[in-house]
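# Descriptive structure summary
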Amino acid sequence: MAEYVVEFGKDGGHRATDGRLDAPAFHRNHQAIRGVLERYLTGKSGDAVEAGSGTGQHIVEFARQFPDVTWWPSDLNENHLTSIEAWRTHSQLSNIRPPRRIDVSDPAWGDAMRAEGGPGELLAVFCANVIHIAPWRVAEGLIAGAGRYLRKGGMLFLYGPFRRDGRHTADSNEAFDKSLRERDPEWGVRDVEAVAKLADGAGLSLVEIIEMPANNLTLALRRI
């Protein structure tokens, strides 16, 4: 398991008998995230990948909201993959595919999915609360891969805490950033401008920055 993986349920949080994990953050943010996706995905069809699906709760919510989109969950952590599959089974939704184990630090992560019968060109990639608890190479690989595999006009959504113009957007984010860097010097809250620069090099354009609950942001990036 990659060192940057943060494991849900490791702190003894709620786990159903079938392996489903419950992330408290999901209950706080899923409606706001869904509202962002509605603006870009309503009426669209195609394949969408969630990079770092965690417990699997978000992708079930998305599959319910966007039934014409086929959702492909992924993660590196085996307990997460178990939880994702348990949520998929529990939901009984036909537009969620079995979770895939992929490492998005590799820009060719889409090839790994395709080799196992995964999707071709993508409508969207969604990633929440990953790039700040991972080395910068994960952001590099994720964004480079999105540039490769998104279809023209396809969207990459990045959710989490970010700095703007080199400054934290809240004192709580600054404290969080410090705790992350103390845990691992390669982790930390990322700059919007640095992410936008990566995206530009991958053929993606930052089209919107959306303020979210708990001092988070969603960056919406479109394949040019």
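Residues numbered from 1 in each chain as written. Predicted model: local features only at pLDDT ≥ 70, side-chain atom pairs only at ≥ 80, totals over all residues. Heavy atoms only, no water.

Bringing the overall build of the protein into the picture now. A tally of regular secondary structure across the protein gives seven helices and ten strands. A globule of 224 residues ought to have a C-alpha radius of gyration of about 17 Å, and the protein, at 16 Å, matches this closely. When burial is assessed residue by residue, the protein has 53% of its 224 residues classed as buried. Looking at the protein alone, contacts between residues at least 24 apart form 72% of all its contacts between residues at least 6 apart. If you sum the accessible surface of the protein, you get close to 10300 Å²; carbon and sulfur atoms cover 46% of it. Measuring between centres, the 27 positive side-chain charges of the protein sit 3 Å from its 31 negative side-chain charges. (Helix = DSSP H or I, 4+ residues; strand = E, 2+ residues; numbered from the N terminus. Rg over C-alpha atoms; globule rule 2.2 N^0.38 Å. Buried < 20%, exposed > 50% of the residue type's maximum accessible area, 1.4 Å probe, protein only. Contact = heavy atoms within 4.5 Å. Areas by Shrake-Rupley, 256 points an atom, 1.4 Å probe, with all protein chains shown as cover. Lys, Arg positive; Asp, Glu negative; His and termini not counted. Charge placed at Lys NZ, Arg CZ, Asp CG, Glu CD.)

A separate point is the side chain of D177. Inspection of the secondary structure assignment puts D177 in helix α6 (residues 171–183). A relative accessible area of 6% means that D177 is categorised as buried. Beyond its immediate stretch of four places on either side in the chain, D177 contacts R163, H168, G188 and V189.

Bringing the sheet that holds strand β7 (residues 167–168) into the picture now. Spatially, the three strands line up as an open sheet ordered β7-β6-β8, and their pairing is mixed. Every interior strand has two partners, whereas the edge strands, β7 and β8 (190–191), have only one. As paired strands, strand β6 (residues 162–164) and β7 are joined by two bridges and run antiparallel to one another. Looking at the pairing, R163 lines up with H168 of β7. (Pairing = 2+ DSSP bridges.)

Okay, the confidence of the model for the protein next. When pLDDT is averaged along the protein, the result is 94; 94% of the residues meet or exceed 70. Low confidence marks residues 1–5, where pLDDT is under 50. Its contacts with residues over four positions away, or in another chain, come to 14 contacts. (pLDDT = per-residue confidence, 0-100.)

Looking now at the environment of F157. Checked against the element boundaries, F157 lands in strand β5 (residues 150–160). Judged by relative accessible area, which is 0%, F157 ranks as buried. Counting along the chain gives 31 residues from F157 to F126, while the straight-line C-alpha distance between them is 4.8 Å.

With that settled, consider helix α2 (residues 57–65). Buried residues dominate α2, accounting for seven of its nine residues. Those residues of α2 that fall on the buried side of the exposure criterion are Q57, H58, I59, V60, E61, F62 and A63. On its buried side, α2 packs onto α1 (24–41), β1 (46–50), β2 (69–75), α3 (78–91) and β4 (122–128).

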